[in-house]
Amino acid sequence: MSIATKTGDQGATGLMYNRRVAKSHPRVEAYGCVDELNAAIGLARANAGHDFIRLNLLAIQKDLVILMGELATAVEDLPRYLKDGFTQVQPDMIAKLDQLVGEIESQKITYRSWATPGDSVPSAALDVARTVCRRAERRVCALHESAQLANPQIIN
């Protein structure tokens, strides 16, 4: 697969099943931000010093791929997407993430103010991922608010 489509797209891009939309479409913006989040998490994982962190970040990245696929599919194409064997975001994915957050928070880590990134490369990479995640969340919520998401699990 080439990193360039070379299709002379004139500002349009293809969703799953070749549906064409503008590159500025809210759906493209949403899955693009999630893709950027996946890359930021990859950077954090590459710089992580602990297996616990690396393994959990990898699991999150795998779930993000599922999310990106679903976001890259127009609502009217979701039945075909599912019939073709693709997976949607499921409640167990959210439960797994909630459990991880609980496990981390049980370490009694406290925050008194805004984060100031830069104490170390790994923590700064995680802060970049955190801020990209917030933007991705805003874009996905905008997609939901415009009735372009069929799966309510995505915004849980």
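See above for the structure.
In short, a report on the structure. (Residues numbered from 1 in each chain as written. Predicted model: local features only at pLDDT ≥ 70, side-chain atom pairs only at ≥ 80, totals over all residues. Heavy atoms only, no water.)

This brings us to a nonpolar patch on the surface. Residues Phe 52, Ile 104 and Ile 109 make up a contiguous nonpolar surface patch of about 260 Å² in total accessible area. Structurally, Ile 109 is set in the loop between helix H4 (91-105) and helix H5 (121-145). For Ile 109, a relative accessible area of 47% puts it in the partly exposed group. (Patch = residues over 30% accessible without salt bridge, like charges linked within 9 Å, V, L, I, M, F, W, Y side chains within 5 Å. Areas by Shrake-Rupley, 256 points an atom, 1.4 Å probe, with all protein chains shown as cover. Salt bridge = Lys/Arg side-chain N within 4 Å of Asp/Glu carboxyl O. Helix = DSSP H or I, 4+ residues; strand = E, 2+ residues; numbered from the N terminus. Buried < 20%, exposed > 50% of the residue type's maximum accessible area, 1.4 Å probe, protein only.)

Both the distance between ring centres and the angle between the ring planes are used here to describe each pair of aromatic rings. Enumeration according to the criterion identifies one aromatic pair in this entry. Ring centres of Tyr 81 and Phe 86 lie 4.7 Å apart, and the angle between their planes is 15°; this geometry places the pair in the stacked category. (Phe/Tyr/Trp six-rings, centres within 6.5 Å; stacked < 30°, edge-to-face > 60°.)

Here H5 spans 36 Å end to end across 25 residues, near enough to the 36 Å set by a 1.5 Å rise per residue. Buried within H5 are the following residues: Ala 125, Asp 127, Ala 129, Val 132, Ala 136, Val 140 and Leu 143. Of the surrounding elements, those touching the buried residues of H5 are helix H1 (26-47) and helix H2 (51-71). One or two residues past the end of H5 sits Ala 147, with phi positive at roughly 60°. (Expected span 1.5 Å × (residues − 1). Contact = heavy atoms within 4.5 Å.)

Quantified by volume, the largest pocket comes out at close to 2,300 Å³. Lining the largest pocket are 49 residues, with Ile 60, Leu 97, Val 101, Arg 130 and Cys 133 positioned closest to its centre. Those elements that place two or more of their residues in the lining of the largest pocket are H1, H2, H4 and H5. Class assignment for the residues of the lining of the largest pocket results in 30 nonpolar, nine polar and ten charged. (1 Å grid on protein atoms, 1.4 Å probe; cavity = no way out; pocket = protein on both sides within 12 Å on 5 of 7 lines; lining within 4 Å. Points joined across faces, edges and corners; volume = space filled by probe spheres on them. Nonpolar A, V, L, I, M, F, W, Y, C, P; charged D, E, K, R; others polar.)

Okay, unusual backbone geometry next. Most peptide bonds take the trans form, and the phi angle of most residues other than glycine is negative. For Tyr 17, which is not glycine, the phi torsion reads 65° and is therefore positive. As for its position among the elements, Tyr 17 is in the loop between strand E1 (12-14) and strand E2 (20-22). The phi dihedral of Ala 147 is positive, around 60°, even though this residue is not glycine. The topology assignment puts Ala 147 in the segment after H5.

All right, on to the side chain of Asp 63 then. Residue placement: Asp 63 occurs in helix H2. Of the polar contacts made by the side chain of Asp 63, one reaches the side chain of Lys 96; its length is 3.4 Å. Leaving out residues up to four positions away in the same chain, Asp 63 has contacts with Met 93 and Lys 96. (Polar contact = N/O pair within 3.5 Å; in protein donor to acceptor, adjacent residues only side chain to side chain.)

Coordinates in, geometry out; function isn't part of it.
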